[in-house]
Every structure is written in structure tokens, then in C-alpha cells.
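Residue-level listing of the chains:
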Amino acid sequence: MSEVEPLSLDDQAVDHLLRLHSGTAGARERAEFQRWRRRSAAHEHAAREAEVLWQALGHTQAAARHRRTAQRSWRLPAMAAVLCLALLLGLLAAPRTLVGLYADHSTAVGERRLVQLDDGSRVWLNSGSALSVDFSATRRDVRLYHGEALFEVAKDRQRPFVVSAGDGQVQALGTRFDVDLHGAQAQAQVTVSEGVVQVASGGAAPLRLGVGQRVSYRPGVAPGAVQALDPSSASAWQRGKLIFNQRPLGEVLAELERYLPERILLRDETLRRRKISGVFDLDDPQALLTTLERLQPVQITRLPWLILIRPAPRG
């Protein structure tokens, strides 16, 4: 079982701002934020970026409109801060959207699409994904910028088919495989459902991967241990399904988030590790949240651009 993916520094900085502007923060919360931002130059940079965007949002018409709505509907000052946070999270996600402007092929959030390449290969793009293609007389190169793609490669012994994702490369040997580039640390995950692929990253010797095998790698790091899995379940998204078997809730929500326009914020570590199983329809991703709220001890609050998940009140 893989570990629950940690929040990115951007999300951690925003999480601190949420608490500071909740209306209940005191000296302890302010001291925690100061200690957090001093941990490294990257932490300080994330904190400053979040603060600049937060201050800018406070002067936008949209923020003012949402503050008025929050005060009129809930009469809770903290809710206005949360709505500004939602706008902030949208801006933090903007670079991903901009990639789609110069990629050869891309999908919007919630969209899945089949792309037919010039060599006869087929690519299924998952939600919120983008890639570019560069074919020549000697090579077939594909760059996955972000998201997930399932490749069904046409055989051509004279032209290797190579997918670059993060700082690694996946070379197909006449096969069907999935590459998923996601997460705070740009982790890439390669899964093989037919044939064999060769995975290289971090300057290590290439690793061969066969049917029913998966491997992950991060920038500057050699591929991790090879895992066995059911290839049909791994590519279930192509069939419009999400299948989870005793997966931590943090992982489930990270997967679900790619199909929703909102960001999902879950701060409770006990909930993040809670195991979840089920089969869900990608054409109705909100149904997963509805089922989750009905069957699990969680409370879900839906706001513009943001879904807050917290432990359900006791009693």
C-alpha cells in the first residue's frame, strides 16, 4: 500500500492562512506559521506567495461579492476568509491550466478524450491532462506535462516511442501502458497492462517493467520498488470508473480531485489514513462525496472552488 501523499508547500501555506484568518486564531497559530515558514527557503517562498495572493484577493470585486454573500447567508466572518481562500486555491492551480494553451493535446477538468496519433498509436487522456507530440524519422517523442495518459503504441522498430514525464523517460516496446504525473512532488507512476516498457529516472540504470507491474519515481530519484497490481483496475478510469480497494481516504480524495473543478481540503490526519473501498462512476464524481458523507464519519462543506472535509460532529 502506498503512502498518503503529503500536501504541497503551497497547500500547507494556504492551510496556515485559513487558520490565521478563521477568526479564532491566537498567538499559538501565529507562532506555528512563523516556525513553518522558517523551515527552508522553499517554505518562505510559499508563505510569501500565499500572502501576496491573499492580500490581492481582498481587493477584488469577486472577493468583495463573496464576502457580502457569506455575511448575509451565514453571518460568520470566518466564512468570508474561506471564500477568499477558495479564490486563492484557484490561482495556485492556474499554471496547470496555462500548460494546456501550448500543449498539442489537453483535457479540461472532468473531461476524458481519445487522441489518435499519426503513427497509428492511440492515447487516452484523463481529466486535466496535457501532452505534446514530436515525431521524426528516427524517434517518436511524447512529453506529458501533467495528468494521466494511457498509451496503446503502434509497432515501429525503426522509431522508438518514448514518453517523458517529470525527469524520467518511459520507452515502449510495442505495448499498452499508463503514465500518471501528479502530486506536490511531481511523482510519476507507470503501469503496464500489455507488453514491456523501460523506465529510467534519476540517472539510474533503466528498469524493465512487465504486465501487471507498476513503478513510481520522483525528480532526481531512481525508480522505487516494483509493485504488482490488477491492470484492469488501474486503468478503470478509461472505462469511466474509479475503483478503490482499502485505499487511504487521502489518496481517494487526491484521485477524485482531478475530476472536480473545486479543490478538496482535508486537514485531519486520522481521516486521511482511513481506508476506503468502492466502485464509483466518473460521470458523477459528486456521488462519491455523497456516499462518503453517508457512510463515513465526515462532514462535507461545499463552497465556491473549495470542498472542506472535516470529522463529523459527535453525538
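You'll find the structure just up there.
The paragraphs below set out a description of the structure included in this document.

The rules we used
- Residues numbered from 1 in each chain as written.
- Predicted model: local features only at pLDDT ≥ 70, side-chain atom pairs only at ≥ 80, totals over all residues.
- Heavy atoms only, no water.
- Core = buried A, V, L, I, M, F, W, Y, C linked by side-chain atoms within 4.5 Å.
- Buried < 20%, exposed > 50% of the residue type's maximum accessible area, 1.4 Å probe, protein only.
- Helix = DSSP H or I, 4+ residues; strand = E, 2+ residues; numbered from the N terminus.
- Contact = heavy atoms within 4.5 Å.
- Axes fitted to C-alpha atoms, helices over the stretch in contact; angles between N-to-C directions.
- Parallel < 35°, antiparallel > 145°, perpendicular 65-115°, else oblique.
- Left-handed = near helix turned anticlockwise from the far one by under 90°.
- Nonpolar A, V, L, I, M, F, W, Y, C, P; charged D, E, K, R; others polar.
- 1 Å grid on protein atoms, 1.4 Å probe; cavity = no way out; pocket = protein on both sides within 12 Å on 5 of 7 lines; lining within 4 Å.
- Points joined across faces, edges and corners; volume = space filled by probe spheres on them.
- Phe/Tyr/Trp six-rings, centres within 6.5 Å; stacked < 30°, edge-to-face > 60°.
- Arc of directions from axis to C-beta.
- Polar contact = N/O pair within 3.5 Å; in protein donor to acceptor, adjacent residues only side chain to side chain.

### Examining the nonpolar core
Within the largest apolar cluster, 26 residues are counted, with the highest numbers of intra-cluster contacts made by Phe151, Val163 and Phe177. The set of elements that each furnish at least two residues to this core consists of strand S3 (122-125), strand S5 (140-152), strand S6 (161-165), strand S7 (168-172), strand S8 (176-182), strand S9 (187-194), strand S10 (197-200) and strand S12 (213-217). Broken down by element, the residue count for this core peaks at four residues, all from S5. Apart from the residues lying within four places of it in its own chain, the contact partners of phenylalanine 151 are Arg122, Val123, Leu131, Val142, Phe161, Val163, Thr175, Arg176, Phe177 and Val179. Counting residues in hydrophobic clusters, the runner-up holds 24 residues, among them Leu256, Leu282, Leu289 and Ile307.

### Quick word on the packing of helix H8 (residues 249-257) against helix H10 (residues 286-295)
At a closest axis distance of 11 Å, the pairing of H8 and H10 adopts a crossing angle of 155°. Considering the angle they form, H8 stands roughly antiparallel to H10. Seen from above, H8 lies across H10 with left-handed handedness. Residues Leu249, Val252, Leu253 and Leu256 of H8 pack against Leu288, Leu289 and Leu292 of H10. Counted by class, the contact of H8 with H10 contains seven nonpolar, no polar and no charged residues.

### Some points on empty space enclosed by the protein
Where empty space is left becomes clear once a probe the size of a water molecule has been rolled over the atoms. Considering all chains together, one arrives at one cavity of 30 Å³ or more under this definition. By volume, the largest cavity is sized at about 30 Å³. Lining the largest cavity we find Leu150, Asp178, Thr191, Val192, Ser193, Pro231, Ala234 and Ser235. Of all the secondary-structure elements, those providing two or more residues to the lining of the largest cavity are S9 and helix H7 (231-234). Among the elements that line the lining of the largest cavity, the one with the most residues is S9, at three residues. Of the residues in the lining of the largest cavity, the class split is four nonpolar, three polar and one charged.

### Comments concerning the packing of aromatic side chains
Ring pairs (aromatic) are described by centroid distance and by the angle formed between their planes. Per the stated rule, a full pass over the model turns up five aromatic pairs. Between phenylalanine 33 and tryptophan 36 the ring centres are 6.2 Å apart and the planes differ by 20°, which places this aromatic pair in the stacked class. Residue phenylalanine 33 and its partner tryptophan 36 are both found in helix H2 (residues 27-37); the two are separated by three residues, about one turn of the helix. Judged by its relative accessible area of 2%, phenylalanine 33 falls in the buried class. Of the residues examined, tryptophan 36 reaches a relative accessible area of 5% and is grouped as buried. Note on phenylalanine 135 and phenylalanine 161: the rings are 6.4 Å apart at their centroids and 70° apart in plane angle, and the pair reads as edge-to-face. Of this pair, phenylalanine 135 sits in strand S4 (residues 130-135) while phenylalanine 161 is found in strand S6, placing the two residues 26 residues apart along the sequence. Since its relative accessible area comes to 1%, phenylalanine 161 is described here as buried. These aromatic residues form a ring-pair network of at least three members: Phe135, Phe151, Phe161 and Phe177.

### So, H2
The set of residues buried in H2 consists of Phe33, Trp36 and Arg37. One side of H2 carries all its buried residues, which in axial view fall inside an arc of 90°. Residues of H2 that are exposed and point more than 90 degrees away from the buried face comprise Ala27 and Arg28.

### Examining the environment of arginine 122
Within the secondary structure, arginine 122 is located in strand S3. On the basis of relative accessibility, which here comes to 28%, the residue arginine 122 falls in the partly exposed class. Beyond its immediate sequence surroundings of up to four residues, arginine 122 is in contact with Leu114, Val115, Gln116, Leu150, Phe151 and Glu152. One polar contact links arginine 122 to glutamate 152, side chain to side chain, over a distance of 2.8 Å.

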